[in-house]
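These are the residues of each chain, in order.
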Amino acid sequence: MFDVQTTAFLLDAVAQTAEAAVEPGAALTLIPVAVGTICGIGVAGFFMHYAAKKGDRDRRNDPNRFKRLK
């Protein structure tokens, strides 16, 4: 789903945020991590919903559907 550069960038951002979280005022540095996590879950949920709808549509439009039922 993601390419290597995107994954590396996200891991680097998380590592930098985790390093900053050790310093004083850690609560403010964890907010972007929480927002990113929530957005990531939302994006993953969208793609899962899209794939499920596509699979359902493909099952309905399968030309061999009635051949398998026999």
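In the block above lies the structure referred to throughout.
Residues numbered from 1 in each chain as written. Predicted model: local features only at pLDDT ≥ 70, side-chain atom pairs only at ≥ 80, totals over all residues. Heavy atoms only, no water.

Enquirer: Quick question: what am I supposed to make of the packing of aromatic side chains here?
Expert: One pair of aromatic rings is described through two measures. These are the centre distance and the angle between the planes. In this structure the tally under the stated criterion is 2 aromatic pairs. Between the aromatic rings of Phe46 and Phe47, the centroid separation amounts to 5.4 Å while the plane-to-plane angle is 65°, which identifies the pairing as edge-to-face. Judged by centre distance (6.5 Å) and plane angle (20°), the rings of Phe46 and Tyr50 are stacked. Here the residue Phe46 and the residue Tyr50 both occupy positions in helix H2 (residues 26–60), the gap between them amounting to 4 residues, near one helical turn. Connected via pairs of aromatic rings, a cluster forms that spans Phe46, Phe47 and Tyr50. (Phe/Tyr/Trp six-rings, centres within 6.5 Å; stacked < 30°, edge-to-face > 60°. Helix = DSSP H or I, 4+ residues; strand = E, 2+ residues; numbered from the N terminus.)

Enquirer: Can you help me understand a nonpolar patch on the surface in this one?
Expert: Nonpolar side chains collect at one region of the surface, where Val43, Phe46, Phe47 and Tyr50 lie side by side and expose about 410 Å² of accessible area between them. Structurally, the position occupied by Phe47 is in helix H2. (Patch = residues over 30% accessible without salt bridge, like charges linked within 9 Å, V, L, I, M, F, W, Y side chains within 5 Å. Areas by Shrake-Rupley, 256 points an atom, 1.4 Å probe, with all protein chains shown as cover. Salt bridge = Lys/Arg side-chain N within 4 Å of Asp/Glu carboxyl O.)

Enquirer: Please explain the pattern of salt bridges as it appears in this structure.
Expert: Pairing between side chains of opposite charge can happen when their charged atoms approach one another. Summed over the entire model, instances satisfying the criterion amount to 3 salt bridges. Across the pair Arg59 and Asp56 runs a salt bridge whose closest N-O atoms are separated by 3.8 Å. Taken together, the positions of Arg59 and Asp56, both in helix H2 and 3 residues apart, correspond to about one turn of that helix. The closest approach of N and O atoms between Arg60 and Asp56, which form a salt bridge, is 2.5 Å. Taken together, the positions of Arg60 and Asp56, both in helix H2 and 4 residues apart, correspond to about one turn of that helix. Overlapping salt bridges, with partners in common, bring together Asp56, Arg59 and Arg60 in one network.

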